[in-house]
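Below are the chains, spelled out letter by letter.
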Amino acid sequence: MTQLTKFVSAGVSLLTLNLIVVAVGALETSAQSSPTTTFSDVQPNYWAQPFIRGLAARNIVTGYPDGTFRPEQPVDRDEFAAIIRKAFDQPPIRQIQSGAVYKDIPTNYWASRPIEEAYQQGFMSGYPGGYFRPNQSVSKVEAIVALNKGLNLTTGTSAVTVPTVTQRVVPQKIAQKPVKRRILMPLAVTTLMQPLFISKAQAVPANAVNLNRPASFIITNTYADANNIPQYAVGDVAAATKANIVVNYPNPKVINPSKPATRGEITALVYQTLVSQGKIEPIAINLPANQYIVRTPVNKQNAQ
């Protein structure tokens, strides 16, 4: 009886030890998988720090093995596609036809899947000739246009390409859910491999941006460099401005549309886009970063 008691006692002790080991292992695994929200080159006084921390906490953006985030580094198209994939869960609105692959995206390319999904969800497209140009930097205005296209923020506008002198433009239907019948501008024949842009609207609701003017009232009254915004992007920038998505540092009135967007700027844009969707909390109003969120005069009054 004594030996049996000892045997049972030893078994219980061994089981307890195993449970402790499993628990410790689980804690270590959890600690290892916890997202890093602090980076050696993103100090608390860095202008985009709240946006970076917010998205890093959700594993939408990550740092580098050396513990840096490199917020001033320009974002390439492949990286932008990867960020979009993590940030947004949009249903596909178009499919890549069988065999329709980009010539500069190998099958085993690290961002092949994010690039495919960014195309299918309507955020991004390729270029003529079957190229995606994954290592090309994304400009500020291109990022805004991509976010607006993928999330359909520009109500009442029609998506078209900007034809070049040698391009032939032919009609093609766009998959949308219009509230009422609208006139759709023609699409270029190479829509699969060519970026889509927003141009002047054919029919604009009363509450939408009026693009029949040479430049939107919102654009010209918000940005000092409004003339530098490409005409195809006026509707997107205006819609993003109305939604408090645009973040301009160091001067909210200067958008620098053609400048390559940095990791800090892209993070801020994506963060504010998620705020506009109600998927993430706005940054605290008393944080310095809040002053760089662009607001129209109407939005400023509502924020007060």
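Residues numbered from 1 in each chain as written. Predicted model: local features only at pLDDT ≥ 70, side-chain atom pairs only at ≥ 80, totals over all residues. Heavy atoms only, no water.

Asks: Looking at this structure, I do not really get the overall build of the chain. What am I missing?
Replies: Across its full length, the chain holds nine helices and four strands. Within the chain, the proportion of its 304 residues that are buried is 44%. Residue pairs in contact within the chain that sit at least 24 positions apart in sequence constitute 73% of those at least 6 positions apart. Total accessible area on the chain stands at roughly 16800 Å², and carbon and sulfur atoms take up 56% of it. (Helix = DSSP H or I, 4+ residues; strand = E, 2+ residues; numbered from the N terminus. Buried < 20%, exposed > 50% of the residue type's maximum accessible area, 1.4 Å probe, protein only. Contact = heavy atoms within 4.5 Å. Areas by Shrake-Rupley, 256 points an atom, 1.4 Å probe, with all protein chains shown as cover.)

Asks: Would you mind showing me how to read helix 8 (residues 263–276) here?
Replies: The end-to-end C-alpha separation of helix 8 is 20 Å, in line with the 20 Å expected for 14 residues at 1.5 Å each. With 13 of 14 residues buried, helix 8 is to be regarded as a mostly interior element. In the stretch just after helix 8, G278 is the one whose phi turns positive, near 75 degrees. (Expected span 1.5 Å × (residues − 1).)

Asks: Sorry, what's going on with unusual backbone geometry here?
Replies: Leaving glycine aside, a negative phi is the common case for residues, and trans is the common case for peptide bonds. For the peptide bond that leads from Y249 to P250, omega is 5 degrees, which places it in the cis range. With respect to the secondary-structure elements, P250 resides in the loop between helix 7 (234–242) and helix 8. At N59, a residue that is not glycine, the phi angle is positive and equals roughly 60 degrees. Following the sequence through the fold, N59 ends up in the loop between helix 2 (49–56) and helix 3 (77–87). Residue classification places N59 among the partly exposed positions, given a relative accessible area of 36%. Backbone geometry at R133 places phi at a positive 60 degrees, although glycine is not the residue there. Here R133 shows up in the loop between helix 4 (112–120) and helix 5 (140–151).

Asks: Explain the confidence of the model for the chain here, please?
Replies: For residues with low pLDDT, the predicted coordinates do not support detailed interpretation. When pLDDT is averaged across the chain, the result is 76; 65% of the residues are at 70 or more. Per-residue pLDDT stays below 50 along residues 155–215; that stretch engages in 121 contacts with residues further than four places along the chain or on separate chains. (pLDDT = per-residue confidence, 0-100.)

Asks: Honestly, helix 2 in this entry has me stumped. Any pointers?
Replies: Residues lying three or four places apart along an α-helix face the same way, a consequence of the helix completing one turn every 3.6 residues. Burial analysis of helix 2 places seven of its eight residues in the buried class, the great majority of the element. Within the sequence span of helix 2, burial applies to Q49, P50, F51, I52, G54, L55 and A56. On the buried face of helix 2, the contacting elements are helix 8.

Asks: Could you clarify how one ought to interpret the packing of aromatic side chains in this entry?
Replies: For any pair of aromatic rings, the description rests on two quantities: the centre-to-centre distance and the angle between the ring planes. Tallied over the entire structure, the rule returns nine aromatic pairs. Measuring from centroid to centroid gives 6.0 Å for Y46 and W47, while their planes differ by 45 degrees, and the two rings are tilted. The buried category is assigned to W47, whose relative accessible area is 7%. Look at Y102 and F132: their rings are 5.3 Å apart centre to centre, the planes differ by 50 degrees, and that puts the pair in the tilted class. With Y102 in the loop between helix 3 and helix 4 and F132 in the loop between helix 4 and helix 5, this residue pair connects regions lying 30 residues apart in the sequence. According to the relative accessible area criterion, Y102 is buried, its value standing at 7%. By way of ring pairs, the aromatic residues Y46, W47, Y249 and Y292 are connected into one cluster. Here the guanidinium or amino end of R77 rests over the ring plane of F132, the centre of that ring lying 4.1 Å away. Above the face of the F69 ring, R263 is positioned so that its terminal group lies 4.1 Å from the ring centre. (Phe/Tyr/Trp six-rings, centres within 6.5 Å; stacked < 30°, edge-to-face > 60°. Lys NZ or Arg CZ within 6 Å of the ring centre and 35° of its normal.)

Asks: Could you clarify how one ought to interpret the pattern of salt bridges in this entry?
Replies: Pairs can form between side chains of opposite charge once their charged atoms are near each other. Under the defined criterion, the tally for this structure stands at five salt bridges. Note that R263 is salt-bridged to E79, the shortest N-O span being 2.3 Å. Of the two residues, R263 sits in helix 8 while E79 sits in helix 3, which places them 184 residues apart along the sequence. A relative accessible area of 14% means that E79 is categorised as buried. When the shortest N-O distance is used, the salt bridge between E117 and R85 registers 3.1 Å. With E117 in helix 4 and R85 in helix 3, this residue pair connects regions lying 32 residues apart in the sequence. A relative accessible area of 15% places E117 in the buried class. By relative accessible area, which is 38% here, R85 ends up partly exposed. Overlapping salt bridges, with partners in common, bring together R85, R113, E116 and E117 in one network. (Salt bridge = Lys/Arg side-chain N within 4 Å of Asp/Glu carboxyl O.)

Asks: Would you take a moment to explain the packing of helix 3 against helix 4 for this structure?
Replies: Between two packed helices, the angle of one axis relative to the other and the distance separating the axes together describe the packing. It is at 8 Å that the axes of helix 3 and helix 4 come closest, and there the two elements cross at 70 degrees. Judged by the angle between their axes, helix 3 and helix 4 are roughly perpendicular. Residue-level inspection shows D78, A81, A82 and R85 of helix 3 in contact with helix 4, the latter providing R113, P114, I115, E117 and A118. Taken together, the residues of the contact of helix 3 with helix 4 sort by class into five nonpolar, no polar and four charged. (Axes fitted to C-alpha atoms, helices over the stretch in contact; angles between N-to-C directions. Parallel < 35°, antiparallel > 145°, perpendicular 65-115°, else oblique. Nonpolar A, V, L, I, M, F, W, Y, C, P; charged D, E, K, R; others polar.)

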